[in-house]
Amino acid sequence: MDHHIQQQPHHYDGGENDYMQQEDDWDRDMLLDPAWEKQQRKTFTAWCNSHLRKAGTQIENIEEDFRDGLKLMLLLEVISGERLAKPERGKMRVHKISNVNKALDFIASKGVKLVSIGAEEIVDGNAKMTLGMIWTIILRFAIQDISVEETSAKEGLLLWCQRKTAPYKNVNIQNFHISWKDGLGFCALIHRHRPELIDYGKLRKDDPMTNLNTAFDVAEKYLDIPKMLDAEDIVSTLRPDEKAIMTYVSCYYHAFSGKQKAETAANRICKVLAVNQENEQLMEDYEKLASDLLEWIRRTIPWLENRVPENTMQAMQQKLEDFRDYRRLHKPPKVQEKCQLEINFNTLQTKLRLSNRPAFMPSEGKMVSDISNAWGSLEGAEKGYEEWLLNEIRRLERLDHLAEKFRQKAAIHEAWTDGKEEMLQQKDYETASLSDIKALLKKHEAFESDLAAHQDRVEQIAAIAQELNELEYYDSPSVNARCQRICDQWDSLGVLTQKRSEALQRTEKLLETIDQLYLEFAKRAAPFNNWMEGAMEDLQDTFIVHTIEEIQGLSTAHEQFKATLPEADKERQAILGIHNEIAKIVQTYHVNMAGTNPYTTINSQEINAKWDKVRQLVPQRDQALIEEHARQQNNERLRRQFANQANVIGPWIQTKMQEIGRISIEMHGTLEDQLTHLRQYEKSIVNYKPKIDQLEGDHQLIQEALIFDNKHTNYTMEHIRVGWEQLLTTIARTINEIENQILTRDAKGISQDQMNEFRASFNHFDRKKTGMMDAEDFRACLISMGYNMGEAEFSRIMSIVDPNRLGVVTFQAFIDFMSRETADTDTADQVMASFKVLAGDKNYILVDELRRELPPDQAEYCIARMTPYTGPDAVPGALDYMSFSTALYGESDL
C-alpha cells in the first residue's frame, strides 16, 4: 500500500525572497564534498538540538530522526513559537509522509520557496534532501531577520562580523569559509563582547586548533551556544562548509546583538580620544626614557675615569668584577634603551604626521643628537679601563701569593678552634641528666680524635711563618703575632681536654644511682597529675543550663566525684614518699641536682598545690549548683508569663494585616466608604497599644534574666515589634493611598465606574497580590489594553510610572499613567551628537555623566580638558563638549 502513496514535492519557482535562494547552488550540492557533508551533519544536528532541548528531547541522526516527521514538527513549533497541525501518530509510511508535508507546508507558509524537497525523500532518509531542508529552516528563522546598516540576511551577518572584528589586526572576515579557519574570528567576536572570557593576547594565528577549541568551549560554557563544529574538521578542510559556519556564527549574532545606543556613542568617543592619549603617552615615555638614560651616562663616566689602584688583590678583583658586571649586565640594557628611544621618537613623529598633529619637539638637551654625543663620551671613558685593571692585579698577585697561603691555613685552623676553649671549660655536666652525661662523653671522645688530626696543620702554619720572616715580608710582625697565638692556644687545648674527660666520668657514676628513682616517680606522678587537672577543669567549668532537669543532672555527677577523693589522697602520699627518698640520696652524696627529673616536669610542690586547689573548689561548686537551681525556677516562670500574652497578640496582628489588605484591594462601595472603614480600623489598632506596652515590660524582665529561648511560644518580641510597626505603617499608607486616589479622581474628572475599572484591571494583573505590579505584569496589562510597543517604548513608559527604578508599579502610578501620554526621541551621528546622547540631549554635559558612561581614564581625560559651558541654559558644573570635540582635531571638522 505504501508504494502507491505519493505526494507532489514542493518546488522552488524563483522570484521573491532572494535571501532564501538556496544560493541557486543546492542542486549543485547534491554532490556535496564529504568533508562539507560531515560538517553540515554535526552543525545542523547541534543547531536542531539547541532548540529541541527546550522541549525536553534531541536527535542523534539527522536523516533518521526526522523521518516520521514528529520531531521535525516539534522543531518548527519551538523555533517559531506557533502550533502546527496535530501530527499523525501512526507508524505507517502514509502517516510519516503526512507529518513531513505538514512541516513543509508550515515552512512554505512563512514565505519560503522550497527547491525540489519532497516529503518522500525525507521519509526515505535522503541525507542530501534532509540537510537542504534544515538549511532552509536555518535561513528562514535564524538568518533572514538579521539586519545591519541597511543590509540583511547573509550580507547583514557578514557585515556585522566585519564591524565587530575590525579592531583585531590579525582577523580579516571576508566570507563564511576560509576567513574562519584560524579560529581568531570566533575568539575576536567573544572578546569584543565579553573580554573577561578570553585572554586574546595569548592567542597565536599559527595555532588554529587551540583558537578554535578555546572559542567553542567558552561559547558553550558561558554563552549557551552548543559546540556545532569540530576544530579538526575545519583545520583539515581546505574550504570549510559555508552553511555550517553561517549557522554557528548566527548563534553569536543572536547572543551579542543586543548592545545599547550609549555603548555605540561611547565607543565612537573612545576611538577619537585614544589617538590623543596614545600620542601624549608616547611623548611622556620618550621624555622619561631620555632623562633616565642621560642621568645613567652622567653617573657612569666618572666611575670609568677613576684610575686610583687598590692595595689588596681582593679590592682590585672587585673593581674588575664590577667592570665586567657593567659590560655584561648594566650596559647592554642601556644600549637597547638608546635604540628603543630612537625608534620611539621616529614612531611618534610618524603617528603625529599621519594624524595631522604638530611634530614633537623634546625638551632642551634631550634631542636624539644630545643623547648620541653623551654616549660617545661614555665609550671614550670606557676605553683602556679593563687593561689597566688586569695589569694591577698581576702586580699584586706576585706580592701576595705566599702571604695568602699563610692566611688561608691560619684562617682554617682558627675557624676550627673558635669556641673550643669555652666548650672544654663548660661545667654543663653538673646539671645534666644521665642521658645527657652519656652523650657528652661520646661527644668528648670524638673531639679528642679530631684534636690529634689537626696537629699537622699547626706545624705547617709555623713553617710558613718562618719562611715569610726569611723573605722579609712587609707585614711580618702581624704574621708572627698570629702564629704565636695559634701555638699558645694549641697547648691550652690539650690540658683542658684531659680535665674535662675526668669530670665527665665521675659525674656519670653518681647520676646512675638516682636515675631509677626518677623513673618510678614519673610513672606514678603523671596519671595522678592528669586526674587532678581534669578534676580542677571540671570543677571550674562554667556550665550553661536552660532547664531544671539539666541542673539536677550536674548535681548528681558532682556527688559521685566527691566520693572518690579519699582514695586519691592515698595515692598522693605514696608519690610524695618517692620524692623524699630521692632528696635523701642527693643530700648524702652531695650531688648537684640543679636539673630536673628527666622523665617528667611534675614536682612535689605542684602536686600538693593542685591537691589543695581541688579541695578548695569542691564547696564552691556545691554553692554554684544550688544558686543555678533557684535561677532556673524563676526563668521558667518568666517564660510562661511572656508566652501567654505573645500567643494572643501575634495572631491578632496577623489578622488585622490580612483584613486591611482585603479592604485596599476589594472594591466595596465608594472611595469615601473605604476611607471611613479604614479610619475605624486605625482607631481600633491604636486602642490596642497598652497590651503591646505590657508585653514589652515582660520582655524586659526576660532580657534582664538572660533568657534566650522560650519553648512555650513561637513569637519573639522582635516579631511582635516588627508586626506592630508594619500594621501601623500599612494602615497609614493604605489611608494615604485612598486619599490620593480621591484627589486624582476629582482632579482629572474620573468617574467612580472608571476608578472601579482601573482597580479591576490592576487587581487582575497583580498576580502576586502584593498591591503592586512588577514590570512583566505591567507589560501584560498594557498589551491587554491595546498597546503595541517595542522594548524602547516600554522602557520609556516604565521611566514614567517607576521613576525611582524600583521595578514595580503602584496603583497610584497606574492611575496617573492612564491620563497622560509622552514621547521621547534621540538621534546621534558624529562625536558631538554622541556626547549629546550621553548628556541626555542637553547642550552641555556634567562630570557625573562622563564618569558614568565612559571608562575611568578617558572620563578623567575629558573632564581635565573641557572648558566650562557658558550658554544661557548653563548650570553649575556644566562642561562644553562642543568646543572640546572641535579641539580634538585642531581646526578641522569632526
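Residues numbered from 1 in each chain as written. Predicted model: local features only at pLDDT ≥ 70, side-chain atom pairs only at ≥ 80, totals over all residues. Heavy atoms only, no water.

### Concerning the UniProt feature "domain: EF-hand" (unreviewed entry) in the chain
Under the local residue numbering, the UniProt record ascribes the feature "domain: EF-hand" (unreviewed entry) to residues 753–788 and 789–824. The span residues 753–788 carries 64% helix and 8% strand; its end-to-end C-alpha distance comes to 26 Å. (UniProt positions renumbered as here; feature names shortened; annotations may be inferred. Helix = DSSP H or I, 4+ residues; strand = E, 2+ residues; numbered from the N terminus.)

### Notes on the pattern of salt bridges
Per the counting criterion, the structure on display carries 56 salt bridges. In this structure, the salt-bridge partner of glutamate 382 is arginine 327, at a minimum N-O distance of 3.2 Å. Linking glutamate 382 in helix 13 (residues 368–382) with arginine 327 in helix 12 (residues 313–354), this pair joins segments that are 55 residues apart in sequence. Overall, arginine 327 belongs to the partly exposed group, its relative accessible area being 41%. A salt bridge links arginine 779 to glutamate 776, with the nearest nitrogen and oxygen atoms 3.7 Å apart. Note that arginine 779 and glutamate 776 are positioned in helix 26 (residues 775–784) at a spacing of three residues, about one turn of the helix. For arginine 779, a relative accessible area of 19% gives the class buried. Each of Glu37, Arg41, Glu63 and Lys128 takes part in one network of salt bridges that share partners. (Salt bridge = Lys/Arg side-chain N within 4 Å of Asp/Glu carboxyl O. Buried < 20%, exposed > 50% of the residue type's maximum accessible area, 1.4 Å probe, protein only.)

### A look at the UniProt feature "domain: Calponin-homology (CH)" (unreviewed entry) in the chain
In the UniProt entry, the feature "domain: Calponin-homology (CH)" (unreviewed entry) is given for residues 38–142 and 151–257. End-to-end, the C-alpha atoms of residues 38–142 are 21 Å apart, and along that stretch the chain is 61% helix and 0% strand. The straight-line gap between the two end C-alpha atoms of residues 151–257 is 15 Å; of that span, 55% is helix and 2% is strand.

### Remarks on the packing of aromatic side chains
Tallied over the full model, the rule gives 29 aromatic pairs. Judged by centre distance (6.0 Å) and plane angle (20°), the rings of phenylalanine 528 and tryptophan 531 are stacked. Pair noted here: phenylalanine 528 and tryptophan 531 are both in helix 18 (residues 476–540), with a separation of three residues, about one helical turn. An aromatic cluster is defined as three or more aromatic residues linked by ring pairs; in this entry it consists of Phe176, Trp180, Phe186, Phe216, Tyr248, Tyr252 and Phe256. Over the ring of phenylalanine 141 we find arginine 140, and its NZ or CZ is 5.2 Å from the ring centre. (Phe/Tyr/Trp six-rings, centres within 6.5 Å; stacked < 30°, edge-to-face > 60°. Lys NZ or Arg CZ within 6 Å of the ring centre and 35° of its normal.)

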